[in-house]
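If you want the building blocks of each chain, they are given just below.
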Amino acid sequence: MKTVNDIRKIVTIIALLLAGFGYAQDSGKAKALLDEVYQKVKGYDNIYVDFKYALNNKAENIRQETRGDVTIQGNKYLFNYLGATKIFDGNKVVTIIPENEEVVIESPDVEEDNAITPSKMLTFYREGYNYSWDKQENVRGRQIQYIKLVPIDTNAEMKEILLGIDAQTKHIYDLIQTGKNGTKTTITVNSFKTDQPLSGNLFKFNAKKYEDEGYYIIEQ
């Protein structure tokens, strides 16, 4: 059974991917590259990302792989993952979980402190991480430059993040997050589209539709 917290966790990780558009803290090449990515993406009206999500922990013999997608316009977003949908219309966060026939409606400030909000999407890395230039890889003809991010907080559950950036397009290619418990989470961008035609109702929640379908709606 899925829970709102399960959805929040993956939203936070996806936001880490998108947050690569934020600023680096050092004054070296890492900052310059991330600034280029940020300035380019800031000019888009909207962003659509289709991604692959993989979680591995060899010690615990855990391997999970799935996909999802997210559409962002300004401070609004629509996120689909594991059959669940999360919508932010600028005022309320709505999490729709068909498996449970449940909808949770809450204000952004009700969410956990470490959960991403639209206001953090492009600025997550402005504080809390040290940055360094890392490896470069050739991925099917694409030069992917990695930036390593290490949390300043020594008590953080995360050990490090490798953020892969396409050197030519200046778009994020992947994010590899390693936890202190050995869990490695990899987000790989399958498709990155910008300035798509969007429905005016895309970020609107139709409560009556779900009430008619027998969903249990919780408003916090």
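Everything discussed here concerns the structure shown above.
Report follows, based on the coordinates. Every chain is numbered on its own, with residues counted from 1 as its sequence reads. Confidence filtering applies because this is a predicted model: local features only for residues at pLDDT of at least 70, side-chain atom pairs given and counted only at 80 or more, and all residues used for totals across whole chains, interfaces and linings. Each side-chain value is worked out from all heavy atoms of the structure, with water and hydrogens disregarded.

1. Digging into the overall build of the protein
Piece 1. A helix here means a DSSP run of H or I that spans at least four residues, while a strand means a run of E at least two residues long, and both kinds are numbered starting from the N terminus. Looking only at helices and strands, the protein features 3 helices and 12 strands.
Piece 2. Burial status across the protein gives 48% buried among its 220 residues.
Piece 3. In this analysis, two residues are considered to be in contact whenever any of their non-hydrogen atoms come within 4.5 Å of each other. Restricting to contacts in the protein with at least 6 residues of sequence separation, those with at least 24 account for 52%.
Piece 4. Total accessible area computed for the protein in this model is approximately 11400 Å², and 46% of it derives from carbon and sulfur atoms. Buried means the residue's accessible area, taken with a 1.4 Å probe over protein chains only, is under 20% of the maximum for its type, while exposed means over 50%, and partly exposed covers the values in between. Using the Shrake-Rupley algorithm and a 1.4 Å probe, accessible areas are obtained, with residue cover drawn only from the displayed protein chains.

2. So, the pairing of strand β5 (residues 93-97)
Piece 1. Here β5 lies mainly inside the structure; 5 of its 5 residues are buried.
Piece 2. As judged from the 4 bridges shared by strand β4 (residues 84-88) and β5, these two strands associate in the antiparallel manner. Within β5, the position partnered with K86 by the bridge is T95.
Piece 3. Criterion used throughout: strands pair if DSSP finds at least two bridges between them. In sequence, β4 turns back onto β5 through a hairpin of 4 residues, with G90 there showing a positive phi of about 105°.
Piece 4. Where β5 lies against strand β6 (residues 102-106), 5 bridges are found, and the strand directions are antiparallel. What sits directly across from V94, in β6, is I105.
Piece 5. Between β5 and β6, which follow one another and run antiparallel, lie 4 residues, and E101 among them has a positive phi close to 50°.

3. Topic: the pattern of salt bridges
Piece 1. Every case where a carboxyl oxygen of Asp or Glu lies within 4 Å of a side-chain nitrogen of Lys or Arg is listed as a salt bridge. Following the criterion strictly, the structure yields 10 salt bridges and no others.
Piece 2. In this structure, E160 engages K148 in a salt bridge whose closest nitrogen and oxygen atoms are separated by 3.7 Å. Linking E160 in strand β9 (residues 158-166) with K148 in strand β8 (residues 142-151), this pair joins segments that are 12 residues apart in sequence.
Piece 3. The network of salt bridges with shared partners includes D50, R67 and D69.

4. What to know about the sheet that holds strand β1 (residues 47-57)
Piece 1. A sheet is described by the order of its strands in space; here 12 strands give the open sequence β7-β8-β9-β10-β11-β1-β2-β3-β4-β5-β6-β12, paired in mixed fashion. Looking along the sheet, the strands with just one partner apiece sit at the ends: β7 (129-139) and β12 (216-219). For this sheet the average axis-to-axis angle between neighbouring strands, irrespective of direction, equals 15°.
Piece 2. Working convention: axes come from line fits to C-alpha atoms, limited for helices to the stretch in contact. Angles between N-to-C directions cover 0 to 180 degrees. Along the sheet face, helix α2 (residues 29-42) touches β1, β7, β8, β9 and β10 (172-179) and points at about 80° away from the line of β7.

5. Focus on the pairing of β6
Consecutive side chains of a regular strand alternate in pointing toward one face of the sheet and then the other.
Piece 1. Burial runs high along β6: 5 of the 5 residues are buried.
Piece 2. Both faces of β6 are covered, namely the face carrying E102, V104 and E106 and the face carrying V103 and I105.

6. Describing the nonpolar core
Piece 1. The term nonpolar core refers to a set of buried residues drawn from Ala, Val, Leu, Ile, Met, Phe, Trp, Tyr and Cys, joined through side-chain atoms within 4.5 Å. Residues V49, F51, Y131, I147 and I165 are the most contacted members of the largest nonpolar core, which totals 31 residues.
Piece 2. When residues no more than four places from it in sequence are discounted, the contact partners of I165 are L33, L34, V37, Q143, I144, Q145, I147, K170, H171, I172 and Y173.
Piece 3. Membership of the second largest hydrophobic core comes to 9 residues, among which are L78, V94, I96 and I105.

7. Things to note about the packing of aromatic side chains
Piece 1. Side-chain rings of Phe, Tyr and Trp (the six-membered ring for Trp) are treated as a pair once their centres are within 6.5 Å; stacked means planes under 30 degrees apart, edge-to-face means over 60, and tilted covers the remaining angles. This model, assessed by the stated rule, comprises 6 aromatic pairs.
Piece 2. Geometrically, the ring pair formed by F205 and Y210 is stacked, given 5.4 Å between the ring centres and 20° between the ring planes.
Piece 3. Aromatic ring contacts, followed pair by pair, group F51, Y53, F79 and Y81 into a single cluster.
Piece 4. Whether a charge sits over a ring comes down to the Lys NZ or Arg CZ being within 6 Å of the ring centre and within 35 degrees of the ring normal. In this structure, K135 packs its charged tip against the face of Y146, placed 5.1 Å from the ring centre.
Piece 5. Over the aromatic face of Y210 sits the side chain of K209, whose NZ or CZ is 4.3 Å from the ring centroid.

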